[in-house]
Amino acid sequence: MDEGLAGDHRAGAMQVVMIGLGEEKFALDAGLVREIIDPVPVTKVAGARSFVPSVINVRGNVIPLADLRIRFGMPQPEESADTRIVVIEIELDNEPVLVGVTADKVYEVTEISQTDVQQTPRVGMHWKPEFIRFIAKWREEFVIVPNMERVLN
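Residues numbered from 1 in each chain as written. Predicted model: local features only at pLDDT ≥ 70, side-chain atom pairs only at ≥ 80, totals over all residues. Heavy atoms only, no water.

## Structural notes on the sheet that holds strand β6 (residues 61–66)
Alright, step 1. With mixed pairing, six strands are arranged side by side in an open sheet as β3-β7-β8-β6-β5-β4. Each edge of the sheet is formed by a strand with only one pairing partner; in this case those strands are β3 (33–37) and β4 (42–44). The mean angle between the axes of side-by-side strands here comes to 35°, regardless of whether they run parallel or antiparallel.
Alright, step 2. Pairing of β4 with strand β5 (residues 54–58) involves three bridges; the strand directions are antiparallel. Looking at the pairing, K44 lines up with S54 of β5. (Pairing = 2+ DSSP bridges. Helix = DSSP H or I, 4+ residues; strand = E, 2+ residues; numbered from the N terminus. Axes fitted to C-alpha atoms, helices over the stretch in contact; angles between N-to-C directions.)

This is how it looks when you write it as structure tokens:
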């Protein structure tokens, strides 16, 4: 639960980028986020993993585009005016890798206090426990802080 809060901004707080997927809200460690861009044309990749079905061109770099809704078994709504791509950098096999993640909405950059971190319930969750770093209370709702290395590996 207290593994490397890379986005620490002040003591006991973690800086995060709040994104929406369907009706759920997720908090991405702000230390992973490189940029947030509008949707761009995608190129489907034959034989790619189901949750990383395509690649995009970001400033001349070809990066995989992941859809966490597929990975989490969530319904896939159509793109809207709020749809964004969050480009994150994660470590896969000890190498930094840029990955685009589709978000239905990007809310804001904010902080989650360590005191608001909750134990991940073992019952009633529809996500694999290994995909979740922890759950935190943000305003009056609970948000999931995913373990992006495990989700995308």
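This is not the end of the story, as more comes after the structure.
## Topic: the environment of Q15
Alright, step 1. With respect to the helices and strands, the residue Q15 is situated in strand β1 (residues 13–21).
Alright, step 2. Along the sequence, Q15 and T110 sit 95 residues apart, while their C-alpha atoms lie 5.7 Å from each other.

## Here's the deal with the environment of G22
Alright, step 1. Position of G22 relative to the elements: it lies in the loop between β1 and β2 (24–29).
Alright, step 2. You can call G22 partly exposed: its relative accessible area is 41%.
Alright, step 3. C-alpha separation for the pair G22 and P77, spaced 55 residues apart in sequence, amounts to 7.3 Å.
Alright, step 4. Ignoring any residue separated from it by four or fewer positions in sequence, one finds G22 in contact with M74 and D104. (Buried < 20%, exposed > 50% of the residue type's maximum accessible area, 1.4 Å probe, protein only. Contact = heavy atoms within 4.5 Å.)

## Points about the nonpolar core
Alright, step 1. Grouped together as the largest cluster of nonpolar side chains are 29 residues, with contacts concentrated most on L68, F72, I88, I90, M148 and L152.
Alright, step 2. For this core, the secondary-structure elements that each account for two or more residues are β1, β2, β7 (84–92), β8 (95–103), β11 (132–138) and α2 (148–152).
Alright, step 3. Here this core takes four residues from β7, the largest share from any one element.
Alright, step 4. Those residues in contact with I88, other than ones at most four positions away along the chain, are L28, L32, V33, R34, V97, L98, V99, V101, M148 and L152.
Alright, step 5. Ranked by size, the runner-up nonpolar core spans eleven residues in total, among them M14, V16, F134 and V143. (Core = buried A, V, L, I, M, F, W, Y, C linked by side-chain atoms within 4.5 Å.)

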